[in-house]
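# Descriptive structure summary
For reference, the chains in residue letters:
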Amino acid sequence: MSYLVLFVADEADDGHADALRETARGLKGAGFFDDPDLGGQRTTGTYLETDTLEDPVALELIARVSELSDALACRIEVQHREVILGHIVYGQPDEQLAAVLGFGGP
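Summary of the structure given here.

The rules behind each value
Residues numbered from 1 in each chain as written. Predicted model: local features only at pLDDT ≥ 70, side-chain atom pairs only at ≥ 80, totals over all residues. Heavy atoms only, no water. Axes fitted to C-alpha atoms, helices over the stretch in contact; angles between N-to-C directions. Helix = DSSP H or I, 4+ residues; strand = E, 2+ residues; numbered from the N terminus. Parallel < 35°, antiparallel > 145°, perpendicular 65-115°, else oblique. Left-handed = near helix turned anticlockwise from the far one by under 90°. Contact = heavy atoms within 4.5 Å. Nonpolar A, V, L, I, M, F, W, Y, C, P; charged D, E, K, R; others polar. Expected span 1.5 Å × (residues − 1). Buried < 20%, exposed > 50% of the residue type's maximum accessible area, 1.4 Å probe, protein only. Arc of directions from axis to C-beta.

## What about the packing of helix α1 (residues 14–25) against helix α2 (residues 56–72)?
Closest axis-to-axis distance for the α1/α2 pair is 10 Å, and the angle between their directions is 155 degrees. Taken together, the axis directions place α1 and α2 in an arrangement best described as roughly antiparallel. Regarding α1 and α2, the two cross each other, and that crossing is right-handed. Between α1 and α2, the residues in contact are G15, H16, A19, L20 and T23 and L61, R64, V65, L68 and L72, respectively. Looking at the contact of α1 with α2 residue by residue, the classes come out as 6 nonpolar, 3 polar and 1 charged.

## Describing α2
Between its terminal C-alpha atoms α2 stretches 24 Å, which fits the 24 Å expected from 17 residues at 1.5 Å a residue. All buried positions along α2 are accounted for by A58, L61, I62, V65, S66, L68 and S69. Buried residues of α2, seen end-on, are gathered within an arc of 165 degrees and therefore sit on one face of the element. Turned more than 90 degrees away from the buried face of α2 sit P56, E67 and A71, all of them exposed.

What follows is the structure in structure tokens.
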């Protein structure tokens, strides 16, 4: 099993948790997690079981969480198969994530 995991990389609060929960509920196969004290800080995010980032549901989850990142002005860490792919920063993929997703650049 391989998972796409997107979680708040900044300090998370109830607003982040509520928004991510709603995002997960609205997408078939997506899940939500909220651990109040993982490693000393709250960890909140969404996940999807998928072998590939080309899965349309995976791409939709990334798009929806990107919108949420912009609306909540936060950084989201994106992982697949337990490898950090990069971050969504205020709605935009960082250079590392953009390269993985095939955005921009020659």
